[in-house]
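Observations on chain architecture
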Amino acid sequence: MTDSFDLIVLGSGPGGYVAAIRAAQLGLKVAVVEREQLGGVCLNWGCIPTKALLRTAEIHHYITHASDYGLAAEQVGFDLGRVVARSRQVAGQLNAGVKGLMRKNRIAVFEGDGALAGRGRVLVSRLGEAVELAGKDILIATGARARELPFAKADGARVWTYRHAMVPREMPSSLLVVGSGAIGVEFASFYSDMGAKVTLIEALDRILPAEDVEVSAFMTKALEKRGLRVLTGARLEALEAGPEAVSAVIRLGDEPPRAQAFSHAIVAIGIRANIEAIGLETLGVALKDGHVLTDACGRTSVDGVWAIGDVAGPPWLAHKASHEGVVAAEAIAGVQGVHPVDKANIAACTYSRPQVASVGLTEAAARLAGRELKIGKFPFAGNGKAIALGAPEGFVKTIFDAMTGELLGAHMVGAEVTELIQGYVISRQLEATGAELADTVFPHPTLSEALHESVLSAAGRALHV
Amino acid sequence: MSIELTMPALSPTMEKGGLARWLVKEGDAVDVGDALAEVETDKATMEVEATEAGVITRLLVAEGAEDVPVGAVIALIGSGPAQPPTPAPVRTEAPAAAAAAARPPPKTQPQAPLDLPQGLKITPLARRIAELERIDLATVKGSGWGGKIVKADLKPPEIRPAATNAVASAAIYPPPAGVPHETIKLSGMRKTIARRLTEAKQTVPHFYLSVDVRLDALLKVRADFNGQGQAQAVKLSVNDFLIKALAGALQRTPDANVQFAGDRYHRFDRVDVSMAVAVPGGLVTPVIVDAGGKRLIEIAAEARRLGEQARAGKLAPEAYQGGTVSISNLGMFGVKAMIPVINPPQALILGIGAGEERACSVNGALISAMVMTVVGSFDHRVIDGAVAAAFLGAFKHLVEHPFEIVA
């Protein structure tokens, strides 16, 4: 028995479900195949629940510093179960939301493992039963999973991946976080705010290695001021989980390796694309560096097969996946003049405390490209709202091409910068130059004025610093 | 109910034209086939005819408007009674220039605001880059939202093809101070000549070979033919013979009838000769197709007809497109040797000088003969010295043995 569709989407994360909705809007008959929960990792085990947890941590931080604001709070504590439950409830709400969107857009949802079975054919298996679907086009949006340490399995008892870290049954007393990308830094920030003693280790020479060097330096100091221990140039050589503790052997630079004990460890060393067991070999879909090779619109090496999101390579960001989903859906539906995703203008956000947000080139990359630069930097300590909020730490750094005024990159640390970065993303999208930004009026008193001041600083005319 | 009259495409590659002159006014009744306007392209002016009968209700483009895109609506023809005439919105470059000059230059940018064609959409960054690199925006196609020009549409100067950049990037100097002068706007034809010949000189590696050709035999054959009292309208000119000789020489050295094409080249099986014709304000090159397969008198008749049409500005665009080689004759002006510029994408052009009495040494004896200097300009990417020399030798032989031309 074969159900036939215009488009079959494998995976219903922010890439897959968005692509499905866009395709349905364009009049295609769409099916989505999902083996876990609608909304994928992002909604259920990623972006969303972690932001809910981080919100709890942020409020906990304010409550434990209530006297700074003239408030009194005694016997401050938390119920870990309810902290976790809240995040699960938020995830559940969004999961239900996606279900509703699928229904509203008349998208058929098939539960099970989907795999390419041949040209235009997808086999969906579940609990020993299989059903074959026919699709004119097939979109692979199977996402990615956590990379594992070769020598230690994250069994969820004391050694955790992100998934385990989101539903802790007990609060770690001492926590080793391995890897200092966005995921590692967010968990380090969360658990530290909730009372754990956190050690963050990074094999490269600085944390948040994808960010601008000034961001890495600032965040290291900020985390250390909070009581975290940050070790860079640190290689994890062994990790052994015992009944009471985890023993980690860490080699720092040229020193001899040392064993340290922690109550728990979170492994956040990167992700790998879910390219296995989805039938890519049956059609010879080309891979590159462990992910599916695609063109700027999501076409793979096989006609009629598309791929988007984490499974198609970096940056591994939900909004990149969603945008790729829209572009691919439009290309599949035959829309003329589809603009491919400009990967250079996708912001990266880290929701730690303080937050980090950046878009475009780092200073090093801009210099490497041979551009003559004008760099602006404005500290939030010069921003009235930040001071009034009691969150004066951080800065906004902007990098301009000295000749053309092009905004090459923006790098921010501080309160709510993940909400502020869109101003620069929009500027770059519309190809505004420093001149237009300088002429823009930002409302007062807001944190966003720091965006303006950084631009003025690049032109040598900052007003408030 | 109005019918839209749009700017027609007078040739397959035409993208915009100038509305040189309206031949009707608002309120005029027109029939199918009536001439409505004169449209100017880079080579010629042509009339646009009405395809529907009706009344001109509105002229939407002013006389003299330039760079009107093909397909743009230029007038409305109504089937009802005439509407009261409305002032046509002026679509020349003047308002854009005035607006650009009136806007004070942004503080952070230097003092040279771009003179943008009206209606051009461009991002602030792309405008800034265009200013800095003196890019001619008229030739840039916008790929952004709604046709807006974005940074990506302005390729860096190193890889932009010389053709689109050539005129814009040449330094433009003001006239010397104090010299009385008149400034004339470039016509479409002039702009095209400037662009294409700059491209030729910048991108085609020219080399030149010359031969002196004795014309006596040819002049005698020509005189015999023209003076025979044969009742034919066509008189043969020296140029007609030269065109046929050119075709014959290429049939004998086909490796000189070629065109460079990047990683390959084309070798043509037929000789289409572009003849340079001086016209008021410039020059055009109408093409005689298959000069090798046509009789001399056919070539003569065609050359005459094309020359007249060219000088009257009435050449159809198809008439001057194509051509595999060119010939340019300045002999009638007494020029001794004419060293021409190749007409891209061709690889060969023959420059003809004046036939004049010169002293010649033949078998040791000095005689007086009619001699003409011919210079061939060749594209060295695809024609080498030996091939060029063989071709010129064949051409010289045919001119000096004219019966082989007509045989």
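Residues numbered from 1 in each chain as written. Chains lettered and ligands numbered in written order. Predicted model: local features only at pLDDT ≥ 70, side-chain atom pairs only at ≥ 80, totals over all residues. Heavy atoms only, no water.

**Re the overall build of chain A**
Put simply, the rule reads: Where helices and strands are cited, they refer to DSSP runs of H or I of at least four residues and of E of at least two residues respectively, numbered from the N terminus. Throughout, a contact is declared for two residues whenever any of their heavy atoms are within 4.5 Å. Method for areas: the Shrake-Rupley scheme with a 1.4 Å probe, in which residue coverage is limited to the protein chains shown.
Counting its secondary structure elements, chain A contains 15 helices and 24 strands. Here the analysis covers contacts within chain A between residues at least 6 apart in sequence; of these, 62% occur between residues at least 24 apart. Accessible surface, chain A: about 20,900 Å² in total, of which carbon and sulfur atoms supply 54%.

**Examining the overall build of chain B**
Heads up, the rule is: Only protein chains enter the area calculation, which uses a 1.4 Å probe; residues under 20% of their type maximum are buried, those over 50% are exposed, and those in between are partly exposed.
Scanning chain B from terminus to terminus reveals 9 helices and 18 strands. Counting all 407 residues of chain B, 41% fall into the buried class. Sequence-distant contacts, at least 24 apart, represent 62% of the contacts inside chain B between residues at least 6 apart. In the structure as shown, chain B presents an accessible area of about 20,900 Å², 57% of it carried by carbon and sulfur atoms.

**Some remarks on the sheet that holds strand β13 (residues 246-252) of chain A**
All names here are of chain A. The line we're drawing: Between any two strands, pairing holds if DSSP finds at least two bridges. Under this scheme, a helix contributes an axis fitted over its contacting stretch, all axes are lines through C-alpha atoms, and angles between N-to-C directions fall in the 0 to 180 degree range.
Taken in spatial order, the 3 strands of this open sheet run β12-β13-β14, and their pairing is antiparallel. One side of each edge strand has no neighbouring strand; the edge strands of this open sheet are β12 (234-241) and β14 (258-262). Along the sheet, successive strands turn relative to each other by an average axial angle of 25°, direction set aside. Both β12 and β13 contribute to a ladder of 7 bridges, which runs antiparallel. From the neighbouring strand, Ala241 faces β13, where its bridge partner is Val246.

**Notes on the interface of chain B and chain A**
Under the convention used in this document: Once two parts are brought into contact, the accessible area they lose, counted with a 1.4 Å probe and summed over both, makes up the buried area. We define a salt bridge as a side-chain nitrogen of Lys or Arg found within 4 Å of a carboxyl oxygen belonging to Asp or Glu. Counting of polar contacts relies on pairs of N or O atoms within 3.5 Å, with two restrictions inside protein: one atom must be capable of donating a hydrogen and the other of accepting it, and residues adjacent in sequence are counted only when both atoms are side-chain atoms.
Tallying the contact residues gives 15 residues for chain B and 12 residues for chain A. In total, about 1,200 Å² of surface goes out of reach between chain B and chain A, with carbon and sulfur atoms giving 58% of it. For the chain B face of the interface with chain A, the top three residues by lost area are Pro124, Leu125 and Trp145 of chain B, together amounting to 44%. The interface formed by chain B and chain A includes 1 salt bridge. A salt bridge links Lys151 of chain B to Glu406 of chain A; its shortest N-O distance comes to 3.0 Å. Where chain B packs against chain A, one counts 6 residue pairs in polar contact (both at pLDDT 80 or more).

**Structural notes on the sheet that holds strand β20 (residues 348-350) of chain A**
Residues and elements named next belong to chain A. Taking strand neighbours across the sheet as the criterion, the 5 strands line up as β20-β21-β24-β23-β22 in an open arrangement whose pairing is antiparallel. Every interior strand has two partners, whereas the edge strands, β20 and β22 (373-379), have only one. Averaged over all pairs of adjacent strands, the angle between strand axes in this sheet comes to 5°, irrespective of strand direction. Summarising the sheet, β20 and strand β21 (residues 355-360) pair through 3 bridges and their orientation is antiparallel.

**Quick word on helix α13 (residues 422-429) of chain A**
All names here are of chain A. Convention followed: Arc definition: directions from the helix axis to the C-beta atoms.
For α13, the full list of buried residues reads Tyr424, Val425, Ser427 and Arg428. All buried residues of α13 fall inside an arc of 160° around its axis, so they share one side. The secondary structure elements touched by the buried residues of α13 are β21, β23 (395-401), β24 (407-414), α12 (417-420), α14 (434-438) and α15 (449-458). Glu431 lies just past α13 and shows a positive phi near 55°.

**Considerations on the nonpolar core**
Residue and element names in this part refer to chain B. Selection rule: Throughout this description, the term nonpolar core refers to a set of buried Ala, Val, Leu, Ile, Met, Phe, Trp, Tyr and Cys residues connected via side-chain atoms within 4.5 Å.
Formed by 58 residues in total, the largest nonpolar core has its most connected members in Leu246, Ile327, Leu350, Val374, Ile383, Phe391 and Phe395. In terms of residues, this core owes the most to one element, helix α6 (residues 238-252), which gives 9 residues. When sequence neighbours within four positions are dropped, the list of residues in contact with Ile327 reads Leu242, Ile243, Leu246, Val273, Ser274, Met275, Ala276, Ile349, Leu350 and Ile352.

**So, a negative patch on the surface**
All names here are of chain B. Stated formally: Like-charged residues within 9 Å of one another, or nonpolar side chains (Val, Leu, Ile, Met, Phe, Trp, Tyr) within 5 Å, are grouped into patches, provided each residue has over 30% relative accessible area and no salt bridge. Residues scored as charged are limited to Lys and Arg (positive) and Asp and Glu (negative), so that His and the chain ends carry no count. Every charge is mapped onto a representative atom, which is NZ of Lys, CZ of Arg, CG of Asp or CD of Glu.
On the surface, Asp31, Asp34, Glu47 and Glu49 cluster together into a patch of negative charge. In this fold, Asp34 is placed in the loop between β3 (29-30) and β4 (35-40). The class of Asp34 is partly exposed, set by a relative accessible area of 32%.

**Quick look at helix α4 (residues 80-104) of chain A**
Side chains three or four residues apart in an α-helix point the same way, a direct result of the helix having 3.6 residues per turn. All names here are of chain A. Our working definition: Expected helix span is given by 1.5 Å per residue-to-residue step, counting one fewer step than there are residues.
Along its 25 residues, α4 runs 36 Å from first to last C-alpha, staying within 8% of the 36 Å computed at 1.5 Å per residue. For α4, the full list of buried residues reads Leu80, Val83, Val84, Ser87, Ala91, Asn95, Val98 and Met102. For α4, the N-terminal capping position is held by Asp79, with its side-chain oxygen 3.0 Å away from the main-chain nitrogen of Gly81. The positive-phi residue at the C-terminal boundary of α4 is Arg106, with phi of around 55°.

**Side note on unusual backbone geometry**
With an omega of 0°, the peptide bond between Arg353 of chain A and Pro354 of chain A qualifies as cis. By the secondary structure assignment, Pro354 of chain A is in the loop between β20 and β21. Cis geometry marks the peptide bond from His444 of chain A to Pro445 of chain A, where omega comes out at 0°. Locating Pro445 of chain A in the fold gives a position in the loop between α14 and α15. With phi around 55°, Arg106 of chain A is a residue other than glycine that occupies positive phi space. Structurally, Arg106 of chain A is set in the loop between α4 and β3 (108-111). In this structure, Asp290 of chain B takes a positive phi of about 55° despite not being glycine.

**What about the pattern of salt bridges?**
All names here are of chain B. Counted under the stated rule, the structure contains 38 salt bridges over all chains. Salt-bridge contacts for Arg264 lead to Asp263; the nearest nitrogen and oxygen are separated by 2.9 Å. Of the two residues examined, Arg264 and Asp263, each falls in the exposed class. Residue Arg358 pairs with Glu356 through a salt bridge whose shortest N-O separation is 2.9 Å. Judged by its relative accessible area of 27%, Glu356 is partly exposed.

**A closer look at the environment of Trp316 of chain A**
Residue and element names in this part refer to chain A. Within the secondary structure, Trp316 sits in the loop between β19 (305-307) and α9 (318-332). A residue is classified by how much of its surface remains accessible, and Trp316, at 47% relative accessible area, is partly exposed. Remark: the alpha-carbon pair of Trp316 and Gly143, spanning 173 residues in sequence, is separated by 8.9 Å. For Trp316, the residues in contact, after removing those within four places along its chain, are Ile271 and Asp310.

**Concerning the packing of aromatic side chains**
Note the threshold: Aromatic rings from Phe, Tyr and Trp, taking only the six-membered ring of Trp, are treated as a pair when their centres fall within 6.5 Å; an angle between ring planes under 30 degrees marks them as stacked, one over 60 as edge-to-face, and anything in between as tilted. Either the NZ atom of lysine or the CZ atom of arginine qualifies as a charge over a ring when it sits within 6 Å of the ring centre and within 35 degrees of the ring normal.
Scanning the entire structure with this criterion turns up 9 aromatic pairs over all chains. For the ring pair Phe378 of chain B and Phe391 of chain B, a centre distance of 6.2 Å and an interplane angle of 80° mean the geometry is edge-to-face. Here Phe378 of chain B is found in strand β18 (residues 365-379), whereas its partner Phe391 of chain B is found in helix α8 (residues 385-400), with 13 residues between them in sequence. Comparing Phe378 of chain B with Phe391 of chain B shows no difference in burial state: the two are buried. An aromatic cluster of at least three residues, connected via ring pairs, comprises Trp160, Phe187, Phe190 and Tyr191 of chain A. The lysine or arginine in question, Arg88 of chain A, covers the ring of Trp45 of chain A, its NZ or CZ lying 3.8 Å from the ring centre. One residue, Lys377 of chain A, lies across the ring of Phe395 of chain A, its end atom 4.5 Å from the ring centre.

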